[in-house]
Amino acid sequence: MNGEERVYRVRVEPSEAGERLDVFLLSRLPDLTRSRLQKLIREGRVIPSGSTAPLKPSRRVKAGEEFLVRVPPPEEPRLEPEEVPLEILYEDAHLAVIVKPPGVVVHPAAGHPRGTLVHGLLARLSGLSGVGGKLRPGIVHRLDKDTSGLMVVAKSDAAHLHLVSLFQSRRVEKWYLALVHGVPEPPSGRIKVPIGRHPVHRQRMLAGAPRGREAETFFRVREVFRRASLLEVRPLTGRTHQIRVHLSYLGHPVVGDPLYGGRRPTGPRAGRQMLHAWRLGFEHPLTGEKLFFEAPLPRDFEELLEELRGAEKGSSHRNNRGSGHR
């Protein structure tokens, strides 16, 4: 771990004016959590140019403003079992299939020394493979912090290596549910646009980036609301932030996504990105058995959908009343 303080200087673009300070910083520094950024703001580690006045996380930023963000050295992670909310759907001697809740980081990293999925797995499973390294035992693939849903975890080294091979050869079937702004037209299709690191905002990925890597995503509309729709999405490649980047490129970003345009003044609002790893299918690495799993939506996602469905019914009822004979 790097034991030195990290210093960032960020400037507010015109399109970002009016955002909360903590939300703006999260879009620029996604390696830090919103709660971590709020703590840095309250500690006086976020300094506006030309001023030493104390700031609040809720302060609205202005176009052209610059902020200096001073991040102290990260706490050294310790891999000890911890109680972390997760559900185990399947377990044998070689692997486990679990449901990751939203808001949980998969493995320890800068700013996340404890409370990760790995800490919870150590408390719940009898063993984890060591192929992934000291801080990533058992981790074959990842989900973003605020993405919920299914993951397969390796308990033996043999299973780990075979599962990695399945992912690399695209023999793992993964389906996600994504609530997005607007309604794609046509209602299904494939997005085949390379993805690479953003040349300016290095914490973001960019569709069509120079020297981007091949990326392909299939989608289809499952349910339509006013100004939003629920999609079934299958990534056919495994690039960082692939679904979020591709859907934003399509013009229909995931609702609540702070990085890729999912926070809008109109349409549904959410405190996190509404993306859920819904279905997972793969061949058992030792037995060859075909395994398929589904995970229900987490409560906040389901409640938002119910709210949207209620709004649709209310609108339909009002329209029916208004169209009657007088």
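Residues numbered from 1 in each chain as written. Predicted model: local features only at pLDDT ≥ 70, side-chain atom pairs only at ≥ 80, totals over all residues. Heavy atoms only, no water.

**Description of the sheet that holds strand 1 (residues 6-11)**
So, step 1. The sheet built from 3 strands is open, its strands ordered 1-3-2 with antiparallel pairing. For this open sheet the edge positions go to strand 1 and strand 2 (46-48), each flanked by a neighbour on one side alone. Adjacent strand axes in the sheet meet at a mean angle of 20° when their direction is disregarded.
So, step 2. The pairing of strand 1 with strand 3 (residues 66-71) spans 6 bridges and is antiparallel. (Pairing = 2+ DSSP bridges. Helix = DSSP H or I, 4+ residues; strand = E, 2+ residues; numbered from the N terminus. Axes fitted to C-alpha atoms, helices over the stretch in contact; angles between N-to-C directions.)

**Here we look at the packing of helix 1 (residues 21-28) against helix 2 (residues 34-42)**
So, step 1. The interhelical angle for the contact between helix 1 and helix 2, taken along N-to-C directions, is 120°, at an axis separation of 9 Å. Between helix 1 and helix 2, the interaxial angle falls into the category oblique. Between helix 1 and helix 2 lies a crossing whose hand is right-handed. Here Leu21, Asp22, Val23, Leu25 and Leu26 of helix 1 lie close against helix 2, whose contacting residues are Arg34, Leu37, Gln38 and Ile41.
So, step 2. For the contact of helix 1 with helix 2, the residue count by class is 6 nonpolar, 1 polar and 2 charged. (Parallel < 35°, antiparallel > 145°, perpendicular 65-115°, else oblique. Left-handed = near helix turned anticlockwise from the far one by under 90°. Contact = heavy atoms within 4.5 Å. Nonpolar A, V, L, I, M, F, W, Y, C, P; charged D, E, K, R; others polar.)

**Focus: the pairing of strand 8 (residues 188-192)**
So, step 1. Burial of the side chains of strand 8 is restricted to one face: Gly189 and Ile191 are buried, whereas none of Ser188, Arg190 and Lys192 on the reverse face is.
So, step 2. Here strand 8 runs beside strand 11 (residues 216-225); their pairing, made up of 5 bridges, is antiparallel. When the sheet's bridge partners are listed, Lys192 is paired in strand 11 with Glu216. (Buried < 20%, exposed > 50% of the residue type's maximum accessible area, 1.4 Å probe, protein only.)

**What about the pattern of salt bridges?**
Pairing between side chains of opposite charge can happen when the charged atoms of each approach one another.
So, step 1. All chains considered together, the criterion is met by 23 salt bridges.
So, step 2. Across the pair Glu302 and Arg309 runs a salt bridge whose closest N-O atoms are separated by 3.3 Å.
So, step 3. Overlapping salt bridges bring together Glu223, Glu302, Glu306 and Arg309 as one network. (Salt bridge = Lys/Arg side-chain N within 4 Å of Asp/Glu carboxyl O.)

**Here we look at the packing of aromatic side chains**
Each pair of aromatic rings is reported with the distance of its centres and the angle of its planes.
So, step 1. Within the structure shown, the criterion is met by 4 aromatic pairs.
So, step 2. Note on Phe24 and Phe67: the rings are 6.3 Å apart at their centroids and 55° apart in plane angle, and the pair reads as tilted. Taken together, the positions of Phe24 in helix 1 and Phe67 in strand 3 put the pair 43 residues apart, joining distant regions of the chain.
So, step 3. In this structure, Arg222 packs its charged tip against the face of Trp278, placed 5.0 Å from the ring centre.
So, step 4. Across from the ring centre of Trp278, 5.7 Å away, lies the NZ or CZ of Arg279, which sits over that ring. (Phe/Tyr/Trp six-rings, centres within 6.5 Å; stacked < 30°, edge-to-face > 60°. Lys NZ or Arg CZ within 6 Å of the ring centre and 35° of its normal.)

**Topic: the side chain of Glu232**
So, step 1. By secondary structure assignment, the location of Glu232 is in strand 12 (residues 228-235).
So, step 2. Only 3.4 Å separates the side chain of Glu232 from the side chain of Arg222, close enough to count as a polar contact.
So, step 3. Residue contacts for Glu232: discarding those within four places in its chain leaves Trp175, Tyr176, Leu177, Phe218, Phe219, Arg220, Arg222 and Trp278. (Polar contact = N/O pair within 3.5 Å; in protein donor to acceptor, adjacent residues only side chain to side chain.)

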